[in-house]
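For reference, the chains in residue letters:
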Protein chains: 4
Amino acid sequence: MKVAFLGLGAIGAPMARHLASRYTLSVWNRTAERAVEFARATGSRAAASPADAVRGATLAVTCLPTSREVEQLLEGPEGMLAAFDAGATLVDCTSGDPATSRRIAERLAARGVGFVDAPVSGGVSGAVKGILTIMCGGDESAMQRARPVLEAFGEKIVHCGPVGAGHAVKAVNQALLGIHIWSLSEGLVALEKAGVSTATALDVINASSGRSNTSMNLFPERVMTRAFPRTFRLALMDKDVRIAADFAREHGVPSPLLQLASELLREARRELGEEADHVETVKVLEAWAGVQVGQKA
Amino acid sequence: MKVAFLGLGAIGAPMARHLASRYTLSVWNRTAERAVEFARATGSRAAASPADAVRGATLAVTCLPTSREVEQLLEGPEGMLAAFDAGATLVDCTSGDPATSRRIAERLAARGVGFVDAPVSGGVSGAVKGILTIMCGGDESAMQRARPVLEAFGEKIVHCGPVGAGHAVKAVNQALLGIHIWSLSEGLVALEKAGVSTATALDVINASSGRSNTSMNLFPERVMTRAFPRTFRLALMDKDVRIAADFAREHGVPSPLLQLASELLREARRELGEEADHVETVKVLEAWAGVQVGQKA
Amino acid sequence: MKVAFLGLGAIGAPMARHLASRYTLSVWNRTAERAVEFARATGSRAAASPADAVRGATLAVTCLPTSREVEQLLEGPEGMLAAFDAGATLVDCTSGDPATSRRIAERLAARGVGFVDAPVSGGVSGAVKGILTIMCGGDESAMQRARPVLEAFGEKIVHCGPVGAGHAVKAVNQALLGIHIWSLSEGLVALEKAGVSTATALDVINASSGRSNTSMNLFPERVMTRAFPRTFRLALMDKDVRIAADFAREHGVPSPLLQLASELLREARRELGEEADHVETVKVLEAWAGVQVGQKA
Amino acid sequence: MKVAFLGLGAIGAPMARHLASRYTLSVWNRTAERAVEFARATGSRAAASPADAVRGATLAVTCLPTSREVEQLLEGPEGMLAAFDAGATLVDCTSGDPATSRRIAERLAARGVGFVDAPVSGGVSGAVKGILTIMCGGDESAMQRARPVLEAFGEKIVHCGPVGAGHAVKAVNQALLGIHIWSLSEGLVALEKAGVSTATALDVINASSGRSNTSMNLFPERVMTRAFPRTFRLALMDKDVRIAADFAREHGVPSPLLQLASELLREARRELGEEADHVETVKVLEAWAGVQVGQKA
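Residues numbered from 1 in each chain as written. Chains lettered and ligands numbered in written order. Predicted model: local features only at pLDDT ≥ 70, side-chain atom pairs only at ≥ 80, totals over all residues. Heavy atoms only, no water.

(A) Quick look at the relation of the copies chain D and chain C. With an RMSD of 0.0 Å, the fit of chain D onto chain C corresponds to turning through 180° and sliding 0.0 Å along the axis. When the rotation and shift are considered jointly, the pair of chain copies conforms to a two-fold rotation axis. Closest to the rotation axis within chain D is the C-alpha of D:S212, separated from it by 1.8 Å. Of all interface residues in chain D, 100% are interface residues in chain C too; the two copies therefore contact each other through one and the same surface. (Least-squares fit on C-alpha atoms with pLDDT ≥ 70 in both. Contact = heavy atoms within 4.5 Å.)

(B) Representation of the packing of aromatic side chains in the model. All names here are of chain D. Enumeration according to the criterion identifies four aromatic pairs over all chains in this entry. Ring centres 6.1 Å apart and planes at 75° place the aromatic pair W182 and W288 in the edge-to-face group. Placement of W182 in helix 9 (residues 165-193) and of W288 in helix 14 (residues 282-289) is noted, with a sequence separation of 106 residues between them. The exposure class of W288 is buried, given its relative accessible area of 7%. (Phe/Tyr/Trp six-rings, centres within 6.5 Å; stacked < 30°, edge-to-face > 60°. Helix = DSSP H or I, 4+ residues; strand = E, 2+ residues; numbered from the N terminus. Buried < 20%, exposed > 50% of the residue type's maximum accessible area, 1.4 Å probe, protein only.)

(C) The arrangement of the environment of C:A86 in detail. Residues and elements named next belong to chain C. Mapped onto the secondary structure, A86 falls in the loop between helix 5 (80-83) and strand 5 (89-92). Expressed as a C-alpha distance, the spacing of A86 and G112, which sit 26 residues apart in the sequence, is 4.8 Å. Leaving out residues up to four positions away in the same chain, A86 has contacts with R111 and G112.

(D) Focus on the interface of chain D and chain A. Residue-level contacts link six residues of chain D with six residues of chain A. Across the chain D/chain A interface, buried area totals approximately 490 Å², and carbon plus sulfur atoms make up 58% of it. Along the contact surface separating chain D from chain A lie zero salt bridges. Linking chain D to chain A there are four residue pairs in polar contact (both at pLDDT 80 or more). Going through the elements one at a time, helix 13 (256-272) and helix 14 of chain D are the ones with two or more residues in the side of chain D that touches chain A. Among the elements that line the side of chain D that touches chain A, the one with the most residues is helix 13 of chain D, at four residues. (Buried area = accessible area lost by both parts, 1.4 Å probe. Salt bridge = Lys/Arg side-chain N within 4 Å of Asp/Glu carboxyl O. Polar contact = N/O pair within 3.5 Å; in protein donor to acceptor, adjacent residues only side chain to side chain.)

(E) The pattern of salt bridges, seen in detail. Tallying each qualifying case throughout the model produces 64 salt bridges over all chains. One salt bridge in this structure joins D:R249 and B:D246, with 3.7 Å as the shortest N-O distance. Of this pair, D:R249 sits in helix 12 (residues 234-250) while B:D246 sits in helix 12 (residues 234-250), each in a different chain. Note on D:R249: relative accessible area 7%, which makes it buried. Owing to a relative accessible area of 39%, B:D246 belongs among the partly exposed residues under this scheme. Where C:E274 meets C:R269, a salt bridge forms, and the shortest distance between an N and an O atom there is 2.9 Å.

(F) Here's a closer look at the interface of chain D and chain C. On the side of chain C, 60 residues touch chain D, which itself brings 60 residues to the contact. Note on chain D versus chain C: buried area summed over both sides is about 4,900 Å², and carbon and sulfur give 72% of it. Linking chain D with chain C are zero salt bridges. Applying the counting rule to chain D against chain C returns 14 residue pairs in polar contact (both at pLDDT 80 or more). If you list the elements that add at least two residues to the side of chain D that touches chain C, you get strand 8 (132-137), strand 9 (154-161), helix 9, helix 10 (198-206), helix 11 (213-223), helix 12, helix 13 and helix 14 of chain D. Its residues assigned to classes, the side of chain D that touches chain C comprises 35 nonpolar, 20 polar and five charged. (Nonpolar A, V, L, I, M, F, W, Y, C, P; charged D, E, K, R; others polar.)

(G) Inspection of the relation of the copies chain D and chain A at higher detail. Rotating chain D by 180° and moving it 0.0 Å along the rotation axis overlays it on chain A with an RMSD of 0.1 Å. When the interface residues of chain D are mapped onto chain A, 100% of them again fall at the interface, so both copies present the same face.

(H) The arrangement of helix 4 (residues 67-74) of chain A in detail. Residue and element names in this part refer to chain A. What helix 4 keeps buried is the set S67, V70, E71, L73 and L74. Axial view of helix 4: buried residues confined to an arc of 160°, hence all on one face. A positive phi of about 80° marks G76, the residue just after helix 4. (Arc of directions from axis to C-beta.)

(I) Fine view of the nonpolar core. By size, the foremost hydrophobic cluster in this structure holds 205 residues, and its most contacted members are A:F219 and B:F219. Not counting residues up to four positions away in its chain, the partners in contact with A:F219 are A:I181, A:L184, A:S185, A:L188, A:L202, A:T214, A:M224, A:V279 and A:V282. (Core = buried A, V, L, I, M, F, W, Y, C linked by side-chain atoms within 4.5 Å.)

(J) Layout of the packing of helix 9 (residues 165-193) of chain A against helix 10 (residues 198-206) of chain B. At their nearest, the axes of helix 9 of chain A and helix 10 of chain B sit 10 Å apart, and the two run at 50° to each other. In terms of their interaxial angle, helix 9 of chain A and helix 10 of chain B are classed as oblique. Note that helix 9 of chain A runs across helix 10 of chain B; the crossing there is right-handed. Side by side, helix 9 of chain A and helix 10 of chain B meet where A:V169, A:V172, A:N173 and A:L176 of the first sit next to B:A201, B:V204 and B:I205 of the second. Broken down by class, the residue content of the contact of helix 9 of chain A with helix 10 of chain B amounts to six nonpolar, one polar and no charged. (Axes fitted to C-alpha atoms, helices over the stretch in contact; angles between N-to-C directions. Parallel < 35°, antiparallel > 145°, perpendicular 65-115°, else oblique. Left-handed = near helix turned anticlockwise from the far one by under 90°.)

(K) Inspection of the pairing of strand 2 (residues 24-28) of chain D at higher detail. Residues and elements named next belong to chain D. Buried residues dominate strand 2, accounting for four of its five residues. As paired elements, strand 1 (residues 2-6) and strand 2 share five bridges and run parallel to each other. Bridge pairing links F5 to V27 in strand 2. Handedness of the crossover joining strand 1 and strand 2 through helix 1 (residues 12-20): right-handed. (Pairing = 2+ DSSP bridges. Right-handed = clockwise from strand over helix to strand, strands pointing away.)

(L) Representation of the environment of C:V163. Of note, C:V163 is situated in the loop between strand 9 (154-161) and helix 9 (165-193). Residues C:V163 and C:I104 lie 59 residues apart in sequence; the distance between their C-alpha atoms is 9.7 Å.

(M) Geometry of the side chain of C:T62. All names here are of chain C. In this fold, T62 is placed in strand 4 (residues 59-62). A polar contact is formed between the side chain of T62 and the side chain of D92, at a distance of 2.9 Å. When sequence neighbours within four positions are dropped, the list of residues in contact with T62 reads L6, V70, M80, L90, V91, D92, C93 and T94.

(N) Inspection of the domain arrangement of chain A at higher detail. Residue and element names in this part refer to chain A. Domain boundaries assigned for chain A yield domain 1 (2-162) and domain 2 (168-289). For domain 1 versus domain 2, the distance between C-alpha centres works out to 30 Å. Across the boundary between the two partners, domain 1 contributes 12 residues, which contact nine residues of domain 2. Summing both sides of the interface, domain 1 and domain 2 together bury roughly 800 Å²; the carbon and sulfur share of this comes to 61%. Counting the surface domain 1 buries against domain 2, the share from its top three residues, S95, P98 and M135, is 47%. Between domain 1 and domain 2 we count one salt bridge in total. Linking E250 and R102 is a salt bridge whose minimum nitrogen-to-oxygen distance equals 2.1 Å. For the pair domain 1 and domain 2, the number of links is five residue pairs in polar contact (both at pLDDT 80 or more). Looking at the side of domain 1 that touches domain 2 element by element, the count peaks at three residues for helix 6 (residues 98-109). Looking at side-chain class alone, the side of domain 1 that touches domain 2 contains seven nonpolar, three polar and two charged residues. (Domains from an automatic or database assignment.)

Shown next as structure tokens:
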């Protein structure tokens, strides 16, 4: 079976590596050298264009920064749209947005091509180990065609609903993450400023009802230690939170907290820059208040 | 050693019961019959007034709705303030506010009486079993006097900082709880409205970075089942969140998310009434959006 | 010169009437009877379809609920797009959104047809008298072609910038209106609840720095009198505010106040219904707080 | 008749000057030299302490930064409280807060002294010309005693309601001002960023429903010209907006927009510093978005 993979980024490359050992794989990447190098290392084929990559493939996987890039790869004489065989399936592992995905799915459907949105969570290490969680949206038949391929790099593959559902669930998860980070930052900064030991406060919260993955793992390991490893960029989290905010609005759901959080995280991103890690968000509140969490013993 | 306990409510009564078996206990309650009954059942003494309760006591414990009630019990000829022996200590287990507590502590200090704010978490069952978590604020010497008494009903007793620190930490925990409930509600309601299975979404979130005590325990057990047991009133959570919001402002800490959450939870309380459980907050978002979480299989 | 007019609603009909007396006019309306009646009364021609209306016209004017309807009129065998002569101009008086307008303009440009977005303000009476203010977006040459036609019903015709600029300026104006109404409501409701005469307060504000069109005209005439005439639907204002909110986000501009206002007005619309006037928004705050502005003498 | 004036700041001094020519005036100021100089220039008497100033006076006027300073002048052996004659009246022209004013009024009432809160608007020039607008709170009899004295520097003297009403009305006015500045900034910055002429947009808005004192006067004169004269400090406006926010909460009135605006203006103050003018707030949004309003012709 022929498979195509487009987008050999930090997380895409290890995902594609799992496919190279199982399928006849064509790869494409915007920076062509990466594809050439990857092909040489894995015995796959570097395609000259998106069209060249997907031509004759039963299934293509995309893993790009945003849905806009996916849509752009469809277009033009060298785009995927014209080159797909009828009956093929596009599986989009981008952390994209539901509205664009529905538009993409419609255009593909008009040519007899299936679509599944399938954003992943688990980071680079999850991709390397092939144990990603994958949130999928699409109809049952497309899911059936996508599942064996997704199992090459995913451990938990969840069908969430129609096209866009995968992106929506991922975006909501990221929005909760962003809100948890921002609100815990507000709370701890206020406690620090009042002379309360925030290490103690964090202990108490983690034994109480206000605890979260953010308070139990991220803050003790990254904020209290001031380690701030760069594992997931704030810029990407901000993008995802905005997707969730737009998604809620698109469906007419009141979401004042989510909308405000999206504004605040956008401002944090502006202040901290494109390379900052998502947990560094706390530094914005620290700067605004003029204290640093964890100083008060 | 003589101890006084004022405020035999749902959580105060089981706390006082632990003290009755260890100390010579005087109890007082606004509705006097409750105190009389409690005294009869436990072999303690029903006091005629706050002054009568604390006169001669080494340590007094208050457990009242808000700090305002504690302050009122200080006042007047039958109030605690005039009746305390110098050297006594007031331990306030109310979920109160830091600013009022500091005022109370100052007035007590002027008469040689110590003060510890010591709000609890763990609910009625934690009080009955004597395994509450207790967040304390006060100076070291007052803490030393309070600790043995607190150990009668507390398992984890944490000294968080100066007077008010206990109330502040508790309030921040509750604010996080409130924000987690509201934001998860926004997210799940939007997913439901978009035709996504929220049961599946909750599963995925609980395996991902956006998980919290709220998503892992409260929503699966109470929202997805529509059980909504009434274990902790929204009215009380709302009061606590407002305390956190005021606390952040008092210390000049920017807290847009917390301030907005406090407004939203106040409105939820108005819509759902004084008896609603805190997790029922999701119903406000459901009503606003015209869907019910968990309907889409 | 042949002109087409599509959308004979409350405000479109009187606008079209000004054109009927000056140009050879074809009119189209979704409910065909309206077009037939209008044509009979004004000596214009009722077109059978959007294509029929614009065929051979030098200039077409649309006045529809949202940009989505305008876009839909382009499509299909009976749509405007295929029927326009090269060199024609579409002038869209809809209170639409900049992003859709840019998309429409691109599609028209590909066929040699110009586009101007030209939303109006001044209400039905301004349309009848032909004294509307018209905010325009488009290139200079399209503006030159549009201006003589716009002068038939507009008094103040302002070229604000490129395609979408007219819609953007209108949306920002509406957003300010919505924010003024909501914030004045919050303030007056709080004063009323505190036992302050809101009539007096309004007088003072109107002599001070916080005054606005809303405080000087809308509230004295409509709220204090409880007259609440239905001149402009909240549903339409809400739609416009959401356009402004999306516009700010599209351009990466932080806009926390605007985003929150959009959420609040959406909720007000849900509570008050589709027919409520925009100034009735104050009733939501009154209901939430349990008072009515203007009761305290 | 003997009158006292405490607080000879930028606005207090010209107010006091109007009193010096009509009454036997004692003045007090924290920095004593100012009082001595003022007394020499106006033929009034420089008092040695607040007590000295009000002793024997029928009426005292305070004009201080916040209500907290007024409350502090009451205290101690050299404070006003002990020195006032029964039957005297304190008129507080501070832009203070209703809650503190009610507390002050109660303490004064216990000694037979009346109280009126009477914040002013009209700026230094209004004070010099004696044409201030004065918003008053207090009972009818205190108002009657205050009015003749207030007429020395006020043109429009309005009795708004019970004690605190003057402060509340002033605070709400300032909150509207702050919200108008912030929201117009969001809107114009977005338009500028989208390539729309903001000068034109401002013209259109000022002919439309979204106009306000801010859009008609402040922005054309100060922002579009980049003149930014320093006439009223952002720090003071921010203080007033926070008073309004606390006031709304104290009375249980939902006020999400006001609460968020207060957070944003506090952050603007932190970024721009204590000396910035209130209209400079627009610079925060400009910096966040990376554009300057008024650049696009």
